[in-house]
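A closer look at the structure
The lines below spell out each chain.
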Amino acid sequence: MTAPAEPILEVRDLVKHFPLTQGIVVKRQVGAIKAVDGVSLDLHRGETLGVVGESGCGKSTLAKLLMALEQPTSGSVRIKGKDITKTRGAELKRMRRNIQMVMQDPYTSLNPRMTVGDIVGEPFEIHKDVVPKGGRRRKVQELLDVVGLNPDHINRYPHQFSGGQRQRIGIARGLALQPEIIICDEPVSALDVSIQAQVMNLLERLQSEFNLAYIFIAHDLSVVRHISDRVAVMYLGKIVELGRDADIYERPTHPYTQALLSAVPVPNPEGREQRERIILQGDPPSPANPPSGCRFRTRCWKAQDICAEQVPLLQIREGSSHPSACHFAEVNDAVGTH
Amino acid sequence: MVEVLSEPGSRGTTGGALLEVDNLHVEFRTRAGVAKAVNGVTYTVDAGETLAVLGESGSGKSVTAQTIMGILDMPPGKITGGEIRFRGSDLLKLPEDQRRKIRGEGISMVFQDALSALNPVFPVGWQIAEMFRMHRGASRSDAKKKAVELMDRVRIPGAKDRVNDFPHQFSGGMRQRIMIAMAIALDPEILIADEPTTALDVTVQAQIMGLLAELQRDSNMGLILITHDLGVVADVADKIAVMYGGRIVENAPVHDLYRNPAHPYSKGLLESIPRVDLKGQELYAIKGTPPNLLDMPTGCAFHPRCPYKRDNCVTDVPPLNTVSGTRGSACHYWREVIDDSAS
């Protein structure tokens, strides 16, 4: 996909620190969880940007910041040139129409006391001018049809649907206001394997039908590769590598990306004894107290003195075509078979 | 090793495998009706062997494991038929005090969610040491020493200093290591791991799977790995049992199943994995949804979703047909499936 001139979503130096406080009456800030710490990215119309990383790397906080559900500590999120973090009131409400979300867990993200019609139609209650009152029921039925549910089931409750069908309800709700951007936060990880493919196909069909742009957050690397045009790898609140899917999966240059890819079990037993593995030691450090310099250095096999002193910038380095945040970025032949 | 096992005629007389699950049936009697969770499951595991039980939620894979361990909630659960033979003796016929000896020493289990499987109000060392106090009558200080050794063995850094820490002070991967330490404490012959890495990140998953493989090699344990992850299975399994709707629909050595599946369900699962060469194309998806255990389809449970369905699939339950040697497929048309998947 060649990038069109104007990105629909521009994120610049986005930072979110959650304060850590001590004391009950007089709260004193003793530190901060650096959940998102300087993230910049662009998203174009009709494009899918995959975001991968382990739990605690800031993927979901990033999603909330893009939706303006959290106020960032600093940085900007521009949707069609307008900064959503500085917008308030009626204007913010209008901007939110353009960016919607599909949640991870279809069991807890749907209100069990509301019918499917009410759930999918709720966006129209909030944004009353989108569809006139008389036409809402018909519009909801159209949406159910679009996501592959029976429009006659409009009066049913979420518990009457299976997991995959519930996720379709969540997707219909996300589509209701005809957004241009949808943020999918682990949309298939709670589903059974045989259902995941159905939902993935639905998301791809909707994307080409409505020219949607997706931010696709997931930890399953093969799922991300299938749907994404570009992929961002996050570690402890920072993007460590960003590139087109083939760059990331076949020519990764950041050691963390390489370790992540080689840790994914390949669903093919042939040659499993010969497969090379980079097994990282330990767990990711706490985002409350990240290591100095490069955040990955405590688990990295390439770490040297410079890694503790200088934060590696996310930039294109010699011998590679895509940005990587490592002082010693280079292609490793042992990985890249996914 | 355990007294009960030296009873006359119980050791190795059948010539069978170390653990044999034979035509097991389990159902749950609920207010909404009878849920048939396990409908005639048969599998065997030998020392040093890894059996992967692959299936979706509700396929009966965990209920089978809980029945083997004897930790099924009864009621509402009820074992309505079958045998579970460990070293030739039927566990289901043993009195509880004898089963208790086998649990931990003969067969032990690692659970999916270590945070809810560990007791939050006791230090982890105390919980590991409990195995030695209860089963071996060890003193508190001896038991604690052994707990530290075990924590070292599962590579918890600084085991000595962390033995008095509580479960919430550990990360997910470390908690799973503690679960594994408890499970291998008494050198069991069979280890059942129920989705041991599902709750973990991939880099930690790789560590835990590596640890399990190493422990298995060292002590020649039989391992039953319950999972829904086709990647993990391909990595470690010797043989696979694919479950659907409480039955085994296909069992096969790992290479055979991945190369050439003989049941439409296993074939569909393998085809729905995203592949690099098919990027941009629609993924193959098995249509429909998994069966409702309260209202199972007649005949073959997979028939509403199956592309090979014919009239007799709706009426006749397919037996586990022998495909070759140790392979079986519960499909009337397995020959067609295997021919299609070979081409």
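Cut-offs and rules
- Residues numbered from 1 in each chain as written.
- Chains lettered and ligands numbered in written order.
- Predicted model: local features only at pLDDT ≥ 70, side-chain atom pairs only at ≥ 80, totals over all residues.
- Pairing = 2+ DSSP bridges.
- Helix = DSSP H or I, 4+ residues; strand = E, 2+ residues; numbered from the N terminus.
- Axes fitted to C-alpha atoms, helices over the stretch in contact; angles between N-to-C directions.
- Buried ≥ 20, exposed ≤ 12 C-beta atoms within 10 Å, placed from the backbone.
- Contact = placed C-beta atoms within 7 Å.
- Nonpolar A, V, L, I, M, F, W, Y, C, P; charged D, E, K, R; others polar.
- Domains from an automatic or database assignment.

1. Observations regarding the sheet that holds strand E6 (residues 107–110) of chain B
Residues and elements named next belong to chain B. What the 8 strands build is an open sheet, ordered E6-E7-E8-E3-E9-E10-E12-E11; its pairing is mixed. Strands with a single pairing partner mark the edges of an open sheet, and in this sheet they are E6 and strand E11 (321–324). On average, adjacent strands in this sheet sit at an angle of 25° to one another, irrespective of strand direction. Sheet topology places strand E9 (residues 239–244) next to strand E10 (residues 247–253); 6 bridges connect them, and they run antiparallel. Pairing of Met 243 across the sheet is with Ile 248, part of E10.

2. Here we look at unusual backbone geometry
Among all residues except glycine, the phi angle is most often negative; among peptide bonds, the trans geometry is most common. Residues and elements named next belong to chain B. Residue Met 74 is joined to Pro 75 through a cis peptide bond whose omega torsion reads -15°. If you trace the backbone, Pro 75 turns up in the loop between helix H1 (61–69) and strand E4 (77–86). Following Pro 75, the chain continues into Pro 76 via a peptide bond in cis, with omega recorded as 5°. Inspection of the secondary structure assignment puts Pro 76 in the loop between H1 and E4. With phi around 50°, Arg 87 is a residue other than glycine that occupies positive phi space. Structurally, Arg 87 is set in the loop between E4 and strand E5 (89–90). Classification of Arg 87 by C-beta neighbours within 10 Å gives buried; the count is 23.

3. So, the interface of chain B and chain A
If you look at the interface, chain B gives 36 residues, while chain A gives 32 residues. Of all the secondary structure elements, the ones that give two or more residues to the side of chain B that touches chain A are helix H8 (202–219), helix H9 (230–236), helix H10 (254–259) and helix H11 (264–271) of chain B. Sort the elements by how many residues they give to the side of chain B that touches chain A and H8 of chain B lands first, with 7 residues. For the side of chain B that touches chain A, a count of residues per class yields 17 nonpolar, 13 polar and 6 charged.

4. What to know about the sheet that holds strand E2 (residues 28–43) of chain A
All names here are of chain A. Spatial strand order, E2-E1-E4-E5: 4 strands in an open sheet with antiparallel pairing. Strands with a single pairing partner mark the edges of an open sheet, and in this sheet they are E2 and strand E5 (82–83). Here strand E1 (residues 9–22) pairs with strand E4 (residues 74–79) via 5 bridges, running antiparallel. The residue of E4 that forms the bridge with Leu 9 is Ile 79. Strands in contact with helix H1 (residues 59–66) are E1, E2 and E4; relative to E2, the strand with the most contacts, it is inclined by about 75°.

5. Here's the deal with the domain arrangement of chain B
Residues and elements named next belong to chain B. Here chain B is described as being made up of domain 1 (3–237) and domain 2 (244–342). Between domain 1 and domain 2, the residue contacts involve 19 residues of the former and 15 residues of the latter. Looking at the side of domain 1 that touches domain 2, the elements with two or more residues in it are strand E2 (33–45) and H9. Element by element, the count of residues in the side of domain 1 that touches domain 2 is highest for E2, at 10 residues. Residues that form the side of domain 1 that touches domain 2 fall into these classes: 9 nonpolar, 8 polar and 2 charged.

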